[in-house]
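So you can see what is in the structure, the chains are spelled out below.
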Amino acid sequence: MFIYTNVRCLRVVDGDTIDCAILLTPDSLSIKKRIRLARIDTPEMHQEGGHLAKNVLVDMIQNKKVNLDVSVRDSFGRWVAEVYFEEENVSDRMLEAGLAKIWRR
């Protein structure tokens, strides 16, 4: 498990996937990673509710600082992580809003 605190959400891909820049050094060396939000599944973009889930996530975290608690990689090579914004778990917020369901691998 790895924890990253110097992270910016660059882009929301869909309701459960984001692209992030992880700052590695004080002189701005960073890496870009695709992150799958842990524990949740949202509708695909072509399904009902897909655009709504994405738009809510955009409003919540796009271009904002987040923290990552990375646990594993998924079958697509994405890091699977608990994502925190202002100390709130983003997956929990999506579940509470009814925009996601529990994801079981």
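Up top is the structure these notes are about.
Residues numbered from 1 in each chain as written. Predicted model: local features only at pLDDT ≥ 70, side-chain atom pairs only at ≥ 80, totals over all residues. Heavy atoms only, no water.

Brief notes about the packing of aromatic side chains
Summed over all chains, the structure comprises 1 aromatic pair. The interplanar angle of 20 degrees and the centroid separation of 5.5 Å between the aromatic rings of Tyr4 and Trp79 together place this pair among those described as stacked. Remark: Trp79 occurs in strand β6 (residues 79–85) and Tyr4 occurs in strand β1 (residues 2–14); sequence separation between them is 75 residues. Here the basic side chain of Arg36 rests over the ring of Trp103, its NZ or CZ set 3.8 Å away from the ring centre. (Phe/Tyr/Trp six-rings, centres within 6.5 Å; stacked < 30°, edge-to-face > 60°. Helix = DSSP H or I, 4+ residues; strand = E, 2+ residues; numbered from the N terminus. Lys NZ or Arg CZ within 6 Å of the ring centre and 35° of its normal.)

Describing the pattern of salt bridges
Counted according to the given criterion, the structure contains 8 salt bridges. For the salt bridge of Asp19 with Arg34, the shortest nitrogen-to-oxygen distance reads 2.7 Å. With Asp19 in strand β2 (residues 17–23) and Arg34 in strand β3 (residues 30–37), this pair connects stretches of sequence that are 15 residues apart. Using a relative accessible area of 4% as the deciding quantity, one classes Asp19 as buried. What makes Arg34 partly exposed here is its relative accessible area of 37%. As a salt-bridge pair, Arg36 and Asp41 come within 3.8 Å of each other at their nearest N and O atoms. Owing to a relative accessible area of 5%, Arg36 belongs among the buried residues under this scheme. (Salt bridge = Lys/Arg side-chain N within 4 Å of Asp/Glu carboxyl O. Buried < 20%, exposed > 50% of the residue type's maximum accessible area, 1.4 Å probe, protein only.)

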